[in-house]
Amino acid sequence: MNQYAALIPFFPLAGFVIIGLMNTKLPKNVAAILACGMLLISFCLSLGVFMNISGQSNEVQLAPWISVGSFSASFTFLLDPLSSIFLMIITGVGFLIHVYSVGYMHDDEKHNIFFAYLNLFVFFMLILVLASSYLLMFVGWEGVGLCSYLLIGFWFKNKSYNDAAKKAFVMNRIGDLGFLLGIILLFITFGSSDYHIIFPKAQGFMSGDGMITAITLLLFVGAIGKSAQIPLYTWLPDAMAGPTPVSALIHAATMVTAGIYMVARSGILYALAPVSMFVVALIGVVTAVFAASIALTQNDIKKVLAYSTVSQLGYMFLGLGVGAFSASVFHVMTHAFFKALLFLGAGSVIHGLAGEQDIRNMGGLRKKLPITFLTFLVATFAIAGIPPFSGFFSKDEILAHAFTSNKLFWVLGVIGSMMTAFYMFRLLFLTFYGTYRGNEHKVHAHESPKVMTIPLIILAILSTIGGFVGVPESLGGSSQISHFLDPVFKPAQDKMMLLEGSSSVSEVALMGITVAVVLASILLAWYLYISRKRVPAAEGARLPALQNLSYHKYYIDEIYTALITKPLDKLSEFFKNIVDNKLIDGIVNLSGKATEAVSDLMRFVQTGNVDFYLLAMVIGIACILFFKLM
Amino acid sequence: METIALLLILFAFAVMGLFVPIRYGNRFAFISSLIVFAYSLYLFLTFPISAEYQYVADYSWVQSLGIHFKVGIDGISILLVMLTTFLTPLIIFSVRKSEPRPRAFYSLILFMEMALIGVFVSMDGFLFYIFWEIALIPIYFICLLWGGKDRVKITLKFFIYTIAGSLFMLVALIYLYLHTPAQHSFDISALYAAGKSLDPHAQSILFWFFFLAFGIKMPVFPLHTWQPDTYTDAPTQGTMMLSGIMLKMGIYGLIRWMIPMLPQGLAQNAECMLWLAVAGIIYAGIIAFTQKDMKRLFAYSSIAHVGLIAAGIFAFNGQGLQGGIIQMLSHGINVVGLFFIIDIIQSRTGTRNIPSLGGIRLKAPYLATVFAIIMLGAIALPLTDGFPGEFLLISGVFKFNNIAGAVAGFTIIIGAVYMLRTYQNSMLGETSVETDNFTDLTMTEKTVLIPIVIMVILIGVWPNLFLKVSEPAIMKLLSGI
């Protein structure tokens, strides 16, 4: 099995190379079938790995890569329960999104290159999770950054799309610097970046060791960039510039979860660094609430979902930070289902309305797009955390762990859930209920073709039942997923010496509170947007202060521009015009001028008068003799 | 013998090039350089993995002064020789219109190739100096006769600047020579021994003398002010020769001559030098943010890249040195590709001014893709040629000094900013008046760019192909100090 498993990433790579090189020479449907087919093969292989893994971990060595003295990194893959779950998510959800794209991108002139990019993206994502060393993980890590650049700026005629793409890449790079320095520190501390060397050695370190804390914090900087947490989250909402399937693939289901994967993979290191764990949990929970509060007032269907992604990622980090590794991975999985579904559903709406994205111009679409509506409804239930939809189990497990670790985290988490339910149902009501507010004559809303709706239906089924693999003991389940992941997280759990989990009674009580709060939120949304038929204010209207702040995303982008971008450009001009041209070159030219000045003086000596030369010579000789004799 | 053959063949071709019929000038030079490439490729492929010099030839030249014509190739030299012989045919082939006085132009390039190889294979201090200076002559004329409108002034500055630096090196070399045992010698091992026997203070002073020569050539901040003007004003092939190969002379000089001769000089000045280099990375990178002239922008980016190489070398550990070596290769390849792309853009649109460009990808997807790949190499994306070098260099610097390493690491962010800006403003968006009739790559242009793209990926995926060759020589160097 292992030898075949090593091929998993190379099918999408082959797809990329073939479609990329042939490009327009390939008929559209051939390119589409090729791209989907490659992913389907990868999915089948992943399924095989997943079925056979049963707690083992195997390494597959492919080739050496970089080596200098004792320092080396190779192309080696690691297959274990954690990577196998991610393989399933990436290839499974990825395949559905590919299929959906066949319909969505059908009329785009750059159809083929789109599929090439999608395949390349999946390749890098697979490298990321299959890597058996941090350095190889970094290959996938930066690779998905590149693909997001290519795909966000896919329609490259548009300047703001290009800006969004560049912003995504640069912000990711800021995080990547942290990650890279973390890797270097790992090399210095452990002499390697291979997991199988680092993790056993790490167990010998004391909890709270300074080096481990530094490493984990640096790695986390990388995760902040890739998984769009405060303060590096602003690229993700802008990244919605890309075609909608891209949003689903990169910015919901897979790429942004790389940070979660990395921290979970490094569980043992984080377990040894309580400070880092606290930082992870804190940034996670603050981001979860902060992003949710922005989502409350956004009017672009994709923007709402984008901020909700940032917020949900915050929950995952909260889970990691409080030591609930398997709960976080569980949430990655359920989130992949429902968030991909939400984005694809949004894409279906946009498709049906010929490009309209503003929910103020929607409404009443449930009759016109019934399948989209029903699946979107399922996803909304799932993300809001209504039992028994998938998001309920995963999010509540995270919150339960947060409660045992720090009550304040739990409170913030519940507030976040409340907001989540509100903005999601606000979105649902404004889009699908009420009456259509757009221009009826211009746009004939229509349901999407089967190639798009079937992936929606499959994802809806997964969003509904996906949570059952993680039903906690307190509700009579057996949390299969956490048992499945146990071999991976065992060493970390042992190191943390977690407080005894709260009794099942209080766990059920906590769930009750959350569900009650969520239902109240939904009722509020119902009251505002269904009963009162309220529609968000038009652009430019005055909003109450708090709402205004949320609508303008707390002006964070403007602050970054004013504090970082502009001053750097000014500094650039200062360096060039003043330091380089005036100061350094001034000194250089001055030495030239000085030489000229000296030679000007000396010129007076060269009079051409032979008598003067003779005189000078005599004086010279006299001087030499004089000094010789002295 | 093989080493001398390499030099002699090139010399012969350079002379013959003056007499071939004018219309065959380019073809003759191209084929000559290809032959040399084929020969050096053969040497590379059969090169034994060993720390010792191979293909050594030693003839007494000026007996009374102990000067020998001694040349040989070790694992470090072979890579730089390969870089030179790989790039030169591409540079020759990249000439688009018939230059005035074509035979002289091509002969000068071949002559320069010979001098550069001479620098990389010399095992005698005096010979090294001779080749070092000879290499300046052809590039001086190339810039002076075929350059842009300010060429006279700029070329003079460049010439004086580098000559001044070289003179310091000459003084230092003679000083070391006088400290070799009686019947003085310029032999590399004699000079190593002489340098090491000096007291730390003397070593430190000599160190600065050498640094002036090598630092100006690379150039390292703050000795760089000749470079942006010269790169901008030189003809494209001149810029390619300068940035792709010639600046490696300076880096090579550090590794081969300066540091092994003066280990105490390094010990005393490493910190200072390293910070200068690191400051240059950030400084030049930030300047590149707002440059409008594409050539000038890449000139500054080159200073930043070279700064990182210099920093890694001053850190003087396995990662830093090996990173420096492989980065020399990838920097040479990338920068030649980038300057050629500018040349293509300028020949089509008549401008290099970035704000007047845009939308080229709509008209020339092939060019845009090639540009993207080389750009990714330049910003060190993993699996492209920039990454192994940059990663090794940053870790080398980090090992030496954590803070300097972290600061040097900012290059990956800064580089991404100016490169992506340039790419966006030239390739993406809507077309402008200038780019409206842009045509995609011609066959000739593809011939130059495809080998570059292949190398960008080959070095990224299989850096060990090159790292393994230089490793024994580097380890020997490290253990010798």
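What counts, and at which threshold
Residues numbered from 1 in each chain as written. Chains lettered and ligands numbered in written order. Predicted model: local features only at pLDDT ≥ 70, side-chain atom pairs only at ≥ 80, totals over all residues. Helix = DSSP H or I, 4+ residues; strand = E, 2+ residues; numbered from the N terminus. Rg over C-alpha atoms; globule rule 2.2 N^0.38 Å. Buried ≥ 20, exposed ≤ 12 C-beta atoms within 10 Å, placed from the backbone. Contact = placed C-beta atoms within 7 Å. pLDDT = per-residue confidence, 0-100. Core = buried A, V, L, I, M, F, W, Y, C linked by C-beta atoms within 7 Å. Domains from an automatic or database assignment. Nonpolar A, V, L, I, M, F, W, Y, C, P; charged D, E, K, R; others polar. Pairing = 2+ DSSP bridges. Axes fitted to C-alpha atoms, helices over the stretch in contact; angles between N-to-C directions. Parallel < 35°, antiparallel > 145°, perpendicular 65-115°, else oblique. Left-handed = near helix turned anticlockwise from the far one by under 90°.

**Q** For the overall build of chain B, give the residues involved together with the corresponding values.
**A** Regarding its fold elements, chain B presents 21 helices and two strands. What you see for chain B is a C-alpha radius of gyration of 21 Å, in line with the 23 Å of a compact globule of 481 residues. Each principal axis of the C-alpha atoms in chain B carries an extent, and together these give about 70 × 55 × 45 Å. Across the 481 residues of chain B, 63% fall into the buried class. A fraction of 81% describes how many contacts in chain B between residues 6 or more apart in sequence connect residues 24 or more apart.

**Q** Explain the overall build of chain A residue by residue, including any values.
**A** Within chain A one finds 25 helices and two strands. A sequence separation of at least 24 residues applies to 81% of the contacts in chain A between residues at least 6 apart.

**Q** Tell me about the confidence of the model for chain B, residues and numbers included.
**A** Of the residues in chain B, 100% reach a pLDDT of 70 or more, and the chain-wide mean stands at 91. Predicted as a complex, the structure gets a pTM of 0.92 and an ipTM equal to 0.91.

**Q** Break down the nonpolar core for me, with residues and values.
**A** Ranked by internal contacts, the top residues of the largest apolar core, which has 413 residues, are A:Phe121, A:Ala340, B:Phe210 and B:Ala311. Setting aside its immediate chain neighbours within four residues, A:Ala340 contacts A:Val93, A:Ile97, A:Ala248, A:Ala252, A:Ala253 and A:Leu459.

**Q** Talk me through the domain arrangement of chain A; I want residue IDs and the actual numbers.
**A** Accessible area lost during the coming together of the parts is what is often quoted as the interface size. Taken domain by domain, chain A consists of domain 1 (2-536) and domain 2 (559-629). Each of domain 1 of chain A and domain 2 of chain A was reduced to a C-alpha centroid, and the two centroids are 63 Å apart.

**Q** Outline the domain arrangement of chain B, listing residues and values.
**A** Residue and element names in this part refer to chain B. By the assigned domains, chain B splits into domain 1 (1-261) and domain 2 (270-481). Summarising the inter-unit geometry, the C-alpha centres of domain 1 and domain 2 are found 22 Å apart. Listed by contribution, the elements that provide at least two residues to the side of domain 1 that touches domain 2 are α3 (75-93), α10 (226-233) and α11 (236-261). In terms of residue count, the dominant contributor to the side of domain 1 that touches domain 2 is α11 (13 residues). Classifying every residue of the side of domain 1 that touches domain 2 gives 27 nonpolar, ten polar and three charged.

**Q** Can you tell me about the interface of chain B and chain A, naming the residues and giving the values?
**A** In this complex, chain B contributes 36 residues to the contact, which on the side of chain A involves 39 residues. In terms of residue class, the side of chain B that touches chain A is built from 23 nonpolar, ten polar and three charged.

**Q** Pulling in residues and values, what's your account of the pairing of strand β2 (residues 71-79) of chain A?
**A** On a regular strand, each side chain points to the face opposite its neighbour's, so the side chains alternate between the two faces of the sheet. Residue and element names in this part refer to chain A. The pairing of strand β1 (residues 58-68) with β2 spans nine bridges and is antiparallel. Directly across from glutamine 61, in β2, lies its bridge partner threonine 76. Connecting β1 to the next strand, β2, in antiparallel fashion are two residues, including glycine 69 with a positive phi near 60 degrees.

**Q** Summarise the packing of helix α14 (residues 318-349) of chain B against helix α21 (residues 464-479) of chain B; cite the residues concerned and give the values.
**A** All names here are of chain B. The N-to-C vectors of α14 and α21 enclose an angle of 135 degrees; their axes lie 10 Å apart at closest approach. Classified by the angle between their axes, α14 and α21 sit oblique to one another. α14 and α21 meet at a crossing whose hand is right-handed. Only Phe466, Leu467, Ser470, Glu471, Ile474 and Leu478 of α21 make contact with α14, whose side of the interface consists of Gly318, Leu321, Gln322, Ile325, Ile326 and Leu329. The residue inventory of the contact of α14 with α21, partitioned by class, reads eight nonpolar, three polar and one charged.

**Q** Tell me about helix α5 (residues 125-134) of chain B, and please be specific about residues and values.
**A** All names here are of chain B. For α5, the tally of buried residues reaches seven of ten residues, placing the bulk of the element in the interior. Within the span of α5, buried status applies to Gly125, Phe126, Leu127, Phe128, Tyr129, Phe131 and Trp132. Check the buried side of α5 and you find it contacts β2 (67-73), α4 (102-121), α7 (151-178), α8 (188-197) and α11.

**Q** Describe the pairing of strand β1 (residues 54-62) of chain B, and please don't skip the residues or the numbers.
**A** All names here are of chain B. By the bridge criterion, six bridges tie β1 to β2 in an arrangement that is antiparallel. Within β2, the residue paired with glutamine 54 across the bridge is isoleucine 73. Two successive antiparallel strands, β1 and β2, enclose a turn made up of four residues, where glycine 66 displays a positive phi of approximately 70 degrees.

**Q** Explain the environment of B:Ala378 to me, and be specific about the residues and the numbers.
**A** Residue and element names in this part refer to chain B. Within the fold, alanine 378 resides in helix α16 (residues 365-378). A residue is classified by how many C-beta atoms lie within 10 Å of it, and alanine 378, with 28 of them, is buried. Residues alanine 378 and methionine 419, spaced 41 residues apart in sequence, show a C-alpha to C-alpha distance of 8.2 Å. Residue contacts for alanine 378: discarding those within four places in its chain leaves Asn334, Leu338, Gly386, Gly415 and Met419.

**Q** Which residues make up unusual backbone geometry, and what are the values?
**A** Cis geometry marks the peptide bond from A:Pro387 to A:Pro388; its omega dihedral reads 0 degrees. With respect to the element layout, A:Pro388 can be found in the loop between α17 (370-384) and α18 (390-405). B:Phe221 connects to B:Pro222 through a cis peptide bond whose omega is 0 degrees. Relative to the helices and strands, B:Pro222 is located in the loop between α9 (200-217) and α10. A positive phi angle, close to 55 degrees, is found at A:Ala354, a residue other than glycine. Tracing the chain through its elements places A:Ala354 in the loop between α16 (325-352) and α17. One non-glycine residue, B:Leu383, adopts positive backbone phi at about 75 degrees.

**Q** Kindly report on the packing of α16(A) against α17(A), identifying the contributing residues and their values.
**A** Residues and elements named next belong to chain A. Where α16 contacts α17, the axes come no closer than 9 Å and their chain directions differ by 145 degrees. Of the two elements, α16 crosses α17, and the hand of that crossing is left-handed. Contacts between α16 and α17 involve Thr334, Phe338, Leu341, Leu342, Gly345, Ser348 and Val349 from the former and Thr372, Thr375, Phe376, Ala379, Ala382 and Ile383 from the latter. Its residues assigned to classes, the contact of α16 with α17 comprises eight nonpolar, five polar and no charged.

**Q** Any chance you could break down the environment of A:Ala32 for me, citing the residues and the numbers?
**A** All names here are of chain A. Checked against the element boundaries, alanine 32 lands in helix α3 (residues 28-53). By C-beta crowding, alanine 32 is classed as buried, having 24 other C-beta atoms within 10 Å. On a C-alpha basis, the gap between alanine 32 and isoleucine 19 in space is 9.2 Å, while along the polypeptide they are 13 residues apart. Beyond its immediate sequence surroundings of up to four residues, alanine 32 is in contact with Val102 and Phe115.

**Q** Could you give me a rundown of the environment of B:Glu52, with the residues and numbers involved?
**A** Mapped onto the elements of the fold, B:Glu52 is located in the loop between α2 (25-45) and β1. A tally of 12 C-beta atoms within 10 Å means that B:Glu52 is categorised as exposed.

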